[in-house]
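# Structural overview for review
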Amino acid sequence: MTDRTKKIVKMFASRDTQQLQTALDEIAGLSDLLSTEKMELASGLAALFYREHTDRKDPMNGIMENAEKAMASLGMDVVDIILGHIVEADLEAVEHFARVIGNIESSIDAVLAKLDEHKDGQYAVTNLLLAIESFKDKDAIKAIDKILLFTKSDNPQVKAAAISCIGKTCRAVDTNDISQDLKNKMFDHCFAALSDPKALVRLRVVKALGEMVRYSYLDPDQVNKAHKAFRAILGMDDYEWDVAYIVRNEAEHYLHLCRSGGNNGYKSAANVDGFKQDFRVISKRELCPNTYHFRINAPLIARKIQAGQFIIVRPHPHSERIPLSICGWDRKQGYIEIIIMSAGRTSTESTNKEVGDCFQDIVGPLGQRSHVTKYDGTCVVIGGGYGTGAIIPTARDLKKLGNRVIGIVGARSKNLLIMVDELRDACDEVYTTTNDGSDGIEGFVTHALEKIIEKEKVSTTLSVGPVPMMIAVSKMTQEKGIECWVSLNAIMVDGTGMCGACRVSVDGKTRFACFHGPDFDGHKVDFDQLVKRQRMFVDKEKIALEALKD
Amino acid sequence: MSDNKPLTAKERMSKPRNEMPLFDAKERILNFNEVPVGFSMEQAQNEASRCIQCKKPECIQGCPVGINIPAFLKLVESGDVAGAAQKIRETNFLPAACGRVCPQDKQCEAVCIVGKKYDPVGIGNLERFVADYEREHNLPRQPKISPSTGKKVAIIGSGPAGLTCAYELRIRGHDVTVFEAFHRGGGVMVYGIPRFRLPLQIIDEDLKFLEEMGVKFVYNMIIGNILTLDELMEDEGFDAVFIGTGAGLPKMLGIPGENLNGVYSANEYLTRIYLMHANEFPDYTTPLFQGKKMGVIGAGNTAMDVMRTGIRLGADVTCYYRRSRDEAPARTEELEHAEQEFINFKWLSSPLEFIGNENNFVTGIKCAVMELSEPDDSGRRRPVPTGEEFIDEVDTVVFSLGCDVNPVIPNATNDLRVNKWGVIMVDETTCHTSKAGVFAGGDAVTGGSTVILAMGQAKNAAKHIHEYLAGRFDYKLDVPTDPEAPGIQWSFAKRKG
Ligand SMILES: Cc1cc2nc3c(=O)[nH]c(=O)nc-3n(C[C@H](O)[C@H](O)[C@H](O)COP(=O)(O)OP(=O)(O)OC[C@H]3O[C@@H](n4cnc5c(N)ncnc54)[C@H](O)[C@@H]3O)c2cc1C
Ligand code: FES
C-alpha cells in the first residue's frame, strides 16, 4: 500500500462523519492513482457500505452517497472487486454496490459475464439483477436478453428480480431507442408470468407491465391486454379478484394508466337506463303457503351480488326497509331471486306484489360475502324456511372450490319443505328433516347433521334460518369442534353501518350485522340478545298488520 | 327610511338588533313545525340597515363559502330582495338551509364589526329571509350554465357537500351524476336535522332545482358495493369522482347494556323519524319504540335535536352529560331552545351502565356524579368521578356521541388513504385524495362538522376538479400518510388566496 492510500483507508475506519467526508474529498483530489491504489481504496470504501446506519436521518446517509460516487469514479479497475461484493453482500450493502456499478461506464459486460458464472446461485443472481437495474441506455439494452432468460426461472426470487429488472429498464431506456421486437419479448415474458402462483412474482409483473404502459413501450393491443389483466386482478370483470392484497394494490395503482378513454368494450352499468333500476317482478311462484319465490329485475345488483350478501327492500313509499337474503341471480339477464315469507306488515305487502308490479326501492348488495375456502373435510349447509334459499349460492361457491358439500333442509312437515331440488343441484347430497316424519329424517336438522358427522369428517357448517335452529347447530358443532357460520337476521334500517340498529354481540363485542356480517361465528354469538332484540317492535308490528287488513 | 337622507354609521349600528320571533314553547312542542317565525319585510329591511357597509368586511372571510354579505344586505335594505337572492346565489346555492342551520355566531356574525360595540347584524336571519322570500314568491333562479364540456363527474352522496359540488360542476358545463345510498336526497339535512329546524320542502326544492339544471340523481346506490370507484372511472367513463359520503358510523358508548332494546344511536332514532316517518306510524310502517321517560346521552347539537324530537313525541326528556353546561358543545341558541322546551338537564352525570329487564328492554340508567378538576396541563378542566352514583328510571335511551367515518368506500378501494379513525385523507389545497382523479369533502374528510363547512370544501373541490378536467391540474399533492393525522380542519385563513 502506498502511504497516501494507507492514510485514506485508515480514515475510513472513523465513526466521525466529518473525517469520513475529508477522506472522500481527498480521493477526489487524486488524479494520478495507480491501478493497485484504486483497488486498495475500493476495498476500503467497500467496508463502509457494510456499516449499519440506523435511520434515514442518519448523517451517514449523505456520506454513503458520496462514497458511492467516489467508488464509481475509480472506474473499470475496481469492477471485479465490486462484483465480488455484489454476489455475496448482505441485503443492504448490495444496494450501494449496485448503484456504484451502474455508474461505471462499460462495466455491463463484466456484470453479464459474472451472471453467467453464477447463473445457478439464487442469491448471486438476484443481486446481480439488482445491479443491472441501475444501468441506463445502451448498457441496459445489452442486458435484456439475459434478463429475459431469468424471467423463466423456477426460483420465484430470481424470477421476481428479473421481472422487476425489466420494469426498471423501461424507465432507463427511451422507448425509441429499443427495437419493437425486444419490446414485444419483454411484454410477452412478463405477461406469461402473470399466472405465477407466488404473489411476489405477480406483484412484480403488474409493476413491470404498468411501467411499460407508462413509458409507452406497448402497442394499443398490449395496453388492452395489460388493462384486462389489471381489471381481472381487481375482480372487476369476473368478481374473482387476486387473493393477494399486494397484487391488487399494485394493479389499482397502475390501472388508470391504461385507461383508454371512451369505449373500452366493457359493458357499462349506465346502459341500464342511466343506472336506474325498476325492481319489477319478473316471476312469482308459491313455494308453500305464505312463502313465495320472486325474480326481480335489478340488473346493477345482479352484476355484483355474491353468496351470503343481502339486500334491503322497501315495497311502497310508506314502507319500512327490511333486509332479505338472496337465493340466486342471473348476471346476464339482470335479475335477483328472493324468497319472502309473509309474516308482518312489510313482508305481506311484499308478497302481495304480482308479476309486473314494482318494488319501490331495493338497495344492495349489502354485507360481506360468505366465507368460502377449500376445506379438508365436508362442508354442510343447513337451511330452514327462507334460509334454504339463502344457502344455495354459498353451497355452489364451496363446490366450485372442490369441496364436498352436503345440504340439510328442515321443516315442520313435508308440505313446508322448500327449494330442495334447487339445493340438490348445488350440493353433492341433500338430507331433509321433518318434525312429523312426513319426509326424510324425523326430527330436526341436527339429527341429520349428527348422522353426517358419524359418517364423515365435517369441517364447516353454515346455517341460515330460524334462530332456534341456528342455536341447535351451534351447540352441536361446538361440542364436536366444528366450524360454524350463522347468518344473523337482525333488525335493520340503512344496512350500511350508519345507524347501529342491527347491533349484535359477538364474542362480547358489539358488531353491526349489516356491515360486519351477516355471517358470524355461531359459537360466539349472543343468541339470547339477538332473539330479544328481534322482538323489540312486536307490538308495533301487530298494529301495522292490523292496519293493513282494515 | 322614507326620507332620503342616508343614515350615518352611528345611526345604523345603534339600532337595536331585531330578534327573531319564536313560537311559544308550550305550543311548539306539540308539533314539528318550525320554531322561528321568520322576519317580516319591515323587520328585514330594518335589520339590514344596521350594516355599515364597512371597507374591510370581515364577514365575507368569516363565511366558508364567501357570500358577499354587505352587498346582499344593501339590496335587502333597498327593498330589492330578488337582487339580494341573486347575490347570495352567486356563492351559496342552499341559502334557505344555511340561514337556518349555520352556526353564524361562530362565523360571519362573530367577526361583524358592528358586534365590536353593539349586537352584530343578524346575517343568518336575513339570509333565511331572502331565501324564503325567493321561494314564496317563486322568483326565477337563473343559473348560468356553461356550454357542455363533455366531461363526466360522479358525485357520491347527496348531503350538502355532494349537492354543492354537483351544482358548482354543473354550472361549469360538466355532466354530473349524483349517487345516493338512500332512497332520497339531502343527507343529514333530511335524516338528521329535525323538521322543526329545517322543513323538508326546502330541501326538496333545492333538489328539484338541481334536477332542472340537468344534474342526474340515482338513488339506492351504495358506491363501494354496487359499483367501485374504479368501475365508475373505468367502465362508466367518469373523468373524476367526488366523495361526499358524510360521517355515518355512530360511536358506541362501550358500557354494559348498550345493546338493550330501547337504546338507540342518535342516527337510528332520527333516521327512523325524519327519513322513515316513524312518527306517522302506522300510515308509515317503520316502527319506533318511543318510551315515556327518555334519557339522552351527550350535549352536542345532535343531542339537542334528539331531545327536542323526543319531547314532541310526548316523552319526558332528560339530558345526561359528564361535563357542565359551559362545556356543552351545542350552539348556545340550540341549548336555549331546548331549555325553553322543558328538557331536564343533569350536568356532570356520566353514564356507567344501562339496566334492563328480562325482555332485554331498558329500564334504568346508572350514572356517576362527576366534578370538574382543576385545569390540567392542556388547560382544560376534566370531569372526574366524585364517587357518588345514582340510578334514574328510563324506558328509552338515545346516545349521541358523534360519528366516525363510514368504511364502505375505503374498504372497497385499495388506494384510498384514510387515517386510523377512517377519515379520508386529502390534500388540503385541492381536496384531492390519494387516488388519482378522486376528490373528497364534507364530513367524510373532517370527521363531522357543519353544513356550511361541507359546502365550502365542496366548492373548493369543485374548483379543482374543474381544473383537473381541463388538464390544468399540476399541484404537488400532499396527502398525509400518518395514520394518526387528523381530519382536515378548515381554517378560513388557509382558504383565502
Ligand atoms: C342531528 C344533527 C344535527 C345537525 N345540526 C347542524 C346544524 O344545525 N348546523 C350545521 O351546520 N350542521 C349540523 N349538523 C352537521 C351537518 O349536518 C353535517 O356536517 C353535514 O350534513 C355534512 O354534509 P356531508 O355532505 O359531508 O354529509 P352528509 O350530509 O352526511 O351526506 C352524506 C350522504 O352520502 C350518502 N352516502 C354515504 N355513503 C354512501 C355510499 N357508499 N354511496 C352512496 N352514498 C353514500 C349518505 O346516505 C348521505 O346521504 C348536524 C348533524 C346532525 C346529525
Ligand atoms: S342497519 Fe343501520 S347500521 Fe346496520
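Just so you know, these numbers come straight off a predicted model, no measurement behind them.

The next subject is the packing of helix α5 (residues 79–86) of chain A against helix α7 (residues 108–117) of chain A. All names here are of chain A. Running from amino to carboxyl end, α5 crosses α7 at an angle of 40°, the nearest separation of the two axes being 11 Å. Here α5 is positioned oblique relative to α7, judged by the angle of their axes. Every pair of crossing elements has a handedness; the one defined by α5 and α7 is right-handed. Between α5 and α7, the residues in contact are Val 79, Leu 83 and Gly 84 and Ala 110, Val 111 and Lys 114, respectively. Of the residues contributing to the contact of α5 with α7, the split by class is 4 nonpolar, 1 polar and 1 charged.

Our focus in this paragraph is unusual backbone geometry. Of note, the amide linkage connecting Gly364(A) to Pro365(A) takes the cis form, showing an omega dihedral of -10°. Along the chain, Pro365(A) falls in strand β7 (residues 361–366). In this structure, the amide linkage connecting Phe281(B) to the following residue, Pro282(B), adopts the cis form with an omega of 0°. With respect to the helices, strands and loops of the structure, Pro282(B) is situated in the loop between α14 (266–275) and β7 (293–297). The phi angle at Met419(A) is positive, at roughly 60°, despite the residue not being glycine.

Moving on: the side chain of Glu109(B). Positionally, Glu109(B) belongs in helix α8 (residues 108–111). Leaving out residues up to four positions away in the same chain, Glu109(B) has contacts with Arg17(B), Gln104(B), Pro120(B), Val121(B), Gly122(B), Ile123(B) and Gly124(B).

This brings us to the interface of chain A and chain B. A common way to state how big an interface is: give the accessible area lost once the parts meet. Counting residues at the interface gives 64 residues for chain A, matched by 62 residues for chain B. In this assembly, chain A packs against chain B so that about 5200 Å² is buried in total across both faces, 54% of it on carbon and sulfur atoms. Of all residues in chain A, Glu252(A), Phe275(A) and Met498(A) give up the largest surface area on contact with chain B, accounting jointly for 14% of the area buried on that side. Across the contact surface, chain A and chain B share 3 salt bridges. The tally of links between chain A and chain B comes to 23 residue pairs in polar contact (both at pLDDT 80 or more). The biggest single contributor to the side of chain A that touches chain B is helix α14 (residues 245–258) of chain A, with 7 residues. Its residues placed into classes, the side of chain A that touches chain B shows 29 nonpolar, 18 polar and 17 charged.

With that settled, consider the domain arrangement of chain A. When the domains of chain A are assigned, the result is domain 1 (170–276) and domain 2 (277–366). Inter-centroid distance (C-alpha atoms) of domain 1 of chain A to domain 2 of chain A is 37 Å.

This part is about the pairing of strand β1 (residues 281–288) of chain A. Of the pairings in the sheet, the one linking β1(A) to strand β2 (residues 291–297) of chain A comprises 6 bridges and is antiparallel in character. Residue pairing across strands places Cys288(A) opposite Thr291(A), the latter belonging to β2(A).

Further remarks concern the packing of aromatic side chains. Residues and elements named next belong to chain B. A complete count under the given rule lists 21 aromatic pairs over all chains for this structure. When the centroid spacing of 6.1 Å and the interplanar angle of 85° are considered together, the rings of Tyr 321 and Trp 347 count as edge-to-face. With Tyr 321 in the loop between β8 (316–320) and α16 (332–340) and Trp 347 in the loop between β9 (344–346) and β10 (349–356), this residue pair connects regions lying 26 residues apart in the sequence. Here Trp 347 falls in the partly exposed class, since its relative accessible area comes to 22%.

What counts and how
- Residues numbered from 1 in each chain as written.
- Chains lettered and ligands numbered in written order.
- Predicted model: local features only at pLDDT ≥ 70, side-chain atom pairs only at ≥ 80, totals over all residues.
- Heavy atoms only, no water.
- Axes fitted to C-alpha atoms, helices over the stretch in contact; angles between N-to-C directions.
- Helix = DSSP H or I, 4+ residues; strand = E, 2+ residues; numbered from the N terminus.
- Parallel < 35°, antiparallel > 145°, perpendicular 65-115°, else oblique.
- Left-handed = near helix turned anticlockwise from the far one by under 90°.
- Contact = heavy atoms within 4.5 Å.
- Nonpolar A, V, L, I, M, F, W, Y, C, P; charged D, E, K, R; others polar.
- Buried area = accessible area lost by both parts, 1.4 Å probe.
- Salt bridge = Lys/Arg side-chain N within 4 Å of Asp/Glu carboxyl O.
- Polar contact = N/O pair within 3.5 Å; in protein donor to acceptor, adjacent residues only side chain to side chain.
- Domains from an automatic or database assignment.
- Pairing = 2+ DSSP bridges.
- Phe/Tyr/Trp six-rings, centres within 6.5 Å; stacked < 30°, edge-to-face > 60°.
- Buried < 20%, exposed > 50% of the residue type's maximum accessible area, 1.4 Å probe, protein only.

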